[in-house]
Amino acid sequence: MILLDGKIASQSVRDSLKQDVANLVNQGKRAPHLAAILVGNNGASETYVASKVKNCSEIGFQSSLIRFEENIHESVLLDKIAELNNDPSIDGILVQLPLPKQINEQKVIEAIIAEKDVDGFHPVNAGKLMQGLPSFIPATPYGIMLMLEYYKISTKGKHAVVIGRSNIVGRPMSILLSSNSAYGNCTVTICHSHTHNLKEICLQADIIVAALGRPEFVKADMVKEGAIVIDVGITRVEDATAKKGFRIKGDVAFDEVAPKASYITPVPGGVGLMTIAGLLKNTLQAYLQNQ
Ligand code: NAD
C-alpha cells in the first residue's frame with residue numbers, strides 16, 4: 001500500500017506556484033489576489049478559511065478576508081460580491097459554504113462573476129467543465145486530479161466508483177474521471193443515497209472516491225484487493241479524549257481498508273490539502289486571464 005500524501009503532493013504544487021508568483025513580481029507585476037468571505041463563526045469554516053489565507057501568504061499571493069455576522073441580510077453579502085466583481089485588483093472570490101439559512105446559496109454562487117469564480121461553482125464554469133472546455137474546476141476534484149498526477153497513477157480504462165453526487169465534489173469528480181484526458185478515461189459509476197447494492201458496486205471498483213460525509217462508511221468488505229481509495233470525507237466526531245473535543249474522520253475506515261488498497265489517502269493529510277492547492281491554482285489562472 002502506498003500512502004497518497006497530501007502534504008507532499010500539495011507542497012509540490014505550492015512550490016511551483018511560489019516560483020510563478022516570484023517570476024511575476026520580478027517582472028514588476030502585482031501578485032494574484034484572492035478575496036475570501038466568511039459569514040458567521042462556524043468552527044470548521046473558520047479553520048478552512050484561515051488555512052486558505054495562510055497558504056496564500058506562504059506562496060506570495062495577496063489575500064483579503066472579509067467577515068460578516070451570522071445574521072447579515074443576503075443583500076449585504078450580494079453587495080460585497082458586486083463590489084469585488086468590479087474591483088480590478090481582485091482576481092478570485094470565494095464565499096465559504098455553508099451559509100446561514102436566510103441566505104440563498106445558489107444566488108450567492110451565481111453572483112460571483114464566472115471569471116473570478118475560483119471555487120468553480122458558477123453554472124458557467126460547471127457547464128464548461130461538462131463540455132471539456134477550459135474552466136475553473138471545483139477545488140476538491142481538481143486537487144484529487146493533481147494528486148493522481150503527482151503520483152502518476154494510471155486511470156485509463158479503470159472502473160471508478162464515485163460515492164456522492166454533490167455539485168462541489170461527486171458530480172464534477174465523475175466528469176473529470178470520465179473525461180478524455182491524461183488522468184481521466186475511466187469508466188465511471190456515480191452512486192448516491194438512493195443507490196442499491198452499493199457494496200457490490202464498490203467491489204467492482206478499481207478506484208473509489210468516497211465523498212458522502214459519513215464517517216468510516218467504506219469498510220474493508222466493500223473494497224477490492226488492490227483498489228485505489230480516495231477519501232474526501234471530513235466529519236468532526238466528538239471525542240472527549242481529544243484536545244479539541246473532536247476528531248476528524250474520513251468516509252473510509254482507514255485502518256481496515258488500507259491493507260487491501262494499492263494507494264489510499266489519509267484523513268487528515270490527504271484530499272483536504274490538495275483542495276487548497278486546487279484553489280490556489282485556480283486563483284493564478286484567474287489572475288492570468290484577468291490581466
Ligand atoms: P453533500 O452532503 O452535499 O453530498 C453527499 C452526497 O453523498 C449526496 O450526493 C448523497 O446522495 C450521498 N450519500 C449520502 N449518504 C449516502 C449513502 N448512504 N450511500 C451513498 N451515497 C450517499 O456533501 P459534499 O459537500 O459532497 O461533501 C461530502 C464529504 O466531503 C463531507 O464529509 C465534506 O465535509 C467533505 N468535503 C471535503 C473536502 C475536502 O477538501 N477534503 C471538500 C468538500 C467536502
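Everything below is about the structure shown above.
Heads up: these notes are all about the structure in this document. Within each chain, residues carry numbers counting from 1 in the order of the written sequence. Reporting of local features is limited, given that this is a predicted model, to residues whose pLDDT is at least 70; pairs of side-chain atoms are given and counted only at 80 or more, and all residues count toward the totals for whole chains, interfaces and linings. Calculated side-chain values reflect all of the structure's heavy atoms, with hydrogen atoms and water omitted.

### So, the overall build of the protein
Where helices and strands are cited, they refer to DSSP runs of H or I of at least four residues and of E of at least two residues respectively, numbered from the N terminus. In terms of regular secondary structure, the protein is built from ten helices and eleven strands. For the radius of gyration, the atom set is restricted to C-alpha positions; the globular benchmark scales as 2.2 Å times the number of residues to the power 0.38. Against the compact-globule benchmark of 19 Å for 291 residues, the protein has a radius of gyration of 19 Å, which places it among compact chains. Taken over the C-alpha atoms alone, the protein extends approximately 50 × 40 × 35 Å along its principal axes. Burial status follows relative accessibility: with a 1.4 Å probe on protein chains alone, a residue under 20% of its type maximum counts as buried, one over 50% as exposed, and anything between as partly exposed. Here the protein, with 291 residues, has 49% of them falling under the buried criterion.

### Examining the site of the ligand
Think of it this way: one heavy atom of a residue within 4 Å of a molecule or strand is enough to make that residue near it. In the vicinity of the ligand lie 21 residues, with Arg165, Ser166, Val232, Ile234 and Thr275 positioned nearest. For the ligand, whose accessible area on its own is 860 Å², the fraction buried by protein is 74%. Accessibility throughout is a Shrake-Rupley quantity obtained with a 1.4 Å probe, and a residue counts as covered only by protein chains that appear here.

### A closer look at the packing of aromatic side chains
Between two aromatic rings, the relevant description is the distance of the centres plus the angle of the planes. Centres within 6.5 Å make a pair out of two Phe, Tyr or Trp rings, where for Trp the six-membered ring is used; the pair is then stacked when the planes are under 30 degrees apart, edge-to-face when over 60, and tilted otherwise. Across all of its chains, the model carries one aromatic pair by this definition. Ring geometry for Tyr150 and Tyr151: centres 5.1 Å apart, planes at 80 degrees, overall edge-to-face. You can call Tyr150 partly exposed: its relative accessible area is 35%.

### Digging into the packing of helix α1 (residues 6-26) against helix α6 (residues 139-150)
Lines are fitted to the C-alpha atoms to define the axes, a helix being fitted only along its stretch in contact, and any angle between axes, read from their N-to-C directions, falls within 0 to 180 degrees. Orientation of α1 relative to α6, taken along the N-to-C sense of each, is 95 degrees, at an axis distance of 10 Å. Our classification of the angle between α1 and α6 gives roughly perpendicular. Taken together, the residues of α6 that come into contact with α1 (itself represented by Gly6, Ile8, Ala9, Ser12 and Val13) are Leu146, Met147 and Tyr150. Charged means Asp, Glu, Lys or Arg here, nonpolar means Ala, Val, Leu, Ile, Met, Phe, Trp, Tyr, Cys or Pro, and polar covers whatever is left, Gly included. Along the lines of polarity and charge, the residues of the contact of α1 with α6 split into six nonpolar, two polar and no charged. Any angle that is under 35 degrees is reported as roughly parallel, and any over 145 degrees as roughly antiparallel; angles of 65 to 115 degrees are reported as roughly perpendicular and all others as oblique. Whether two residues are in contact is decided by their heavy atoms, any of which lying within 4.5 Å being enough.

### Focus: the sheet that holds strand β2 (residues 33-39)
With parallel pairing, the three strands of this open sheet are ordered in space as β3-β2-β4. Among the strands making up the open sheet, the edge pair consists of β3 (62-68) and β4 (92-95). Across this sheet, the average inter-strand angle for adjacent strands is 15 degrees, counted without regard to direction. Only strands that DSSP links by at least two bridges are regarded as paired with each other.

### Structural notes on the environment of Leu279
Here Leu279 is to be found in helix α10 (residues 271-290). For Leu279, a relative accessible area of 1% translates into the label buried. Put simply, Leu279 and Ala258 are 21 residues apart on the chain and 28 Å apart in space, counted from C-alpha to C-alpha. Each residue touching Leu279, except ones within four places of it in the same chain, is listed here: Leu34, Lys52, Leu94, Val118, Asp119 and Ala139.

### Comments concerning the nonpolar core
Counting residues in each nonpolar core, the largest one holds 50 residues, and the members touching the most others are Leu177, Val209 and Ile230. Here this core gets nine residues from one element, more than from any other, and that element is α10. Segmentation of the chain into domains, including their bounds, is taken from an automatic or database domain assignment. Residue-level mapping places this core at the junction of two domains, with at least three residues from each of domain 1 (28-113) and domain 2 (139-272). Those residues within four positions of Val209 in sequence are excluded, and the remaining contacts are Ile144, Val161, Val162, Ile163, Met173, Leu177, Ile230 and Val232. We call a set of buried residues a nonpolar core when its members are Ala, Val, Leu, Ile, Met, Phe, Trp, Tyr or Cys and they connect through side-chain atoms within 4.5 Å of each other.

### Thoughts on the sheet that holds strand β8 (residues 228-231)
Within the open sheet, the six strands sit side by side as β1-β11-β8-β7-β5-β6. Their pairing is parallel. The open sheet has two edge strands, β1 (2-3) and β6 (187-191), and neither has a second partner.

### Quick word on the pattern of salt bridges
Whenever a carboxyl oxygen of Asp or Glu lies within 4 Å of a side-chain nitrogen of Lys or Arg, that contact is scored as a salt bridge. Following the criterion strictly, the structure yields ten salt bridges and no others. Linking Lys107 and Glu74 is a salt bridge whose minimum nitrogen-to-oxygen distance equals 2.9 Å. Of this pair, Lys107 sits in helix α4 (residues 105-111) while Glu74 sits in helix α3 (residues 74-85), and the two are 33 residues apart along the sequence. Residues Glu83 and Lys80 are paired through a salt bridge, measuring 3.1 Å at the closest nitrogen-oxygen approach. Of the two residues, Glu83 and Lys80 both sit in helix α3, three residues apart, roughly one turn of that helix.

### Some thoughts on the pairing of strand β5 (residues 159-163)
Residues in a regular strand project their side chains so that they alternate between the two faces of the sheet. Summarising burial for β5: five of the five residues are buried, a large majority. Sheet topology places β5 next to β6; five bridges connect them, and they run parallel. The partner of His159 across the bridge, within β6, is Thr187. By the criterion used throughout, a crossover qualifies as right-handed when its path from the first strand across the helix to the second strand runs clockwise, the strands pointing away from the viewer. Remark: the β5/helix α7 (residues 170-178)/β6 crossover connection has right-handed handedness. Strand direction decides the pairing type here: β5 and strand β7 (residues 207-210), joined by four bridges, are parallel. Paired with Ile163 across the two strands is Ala210, which belongs to β7.

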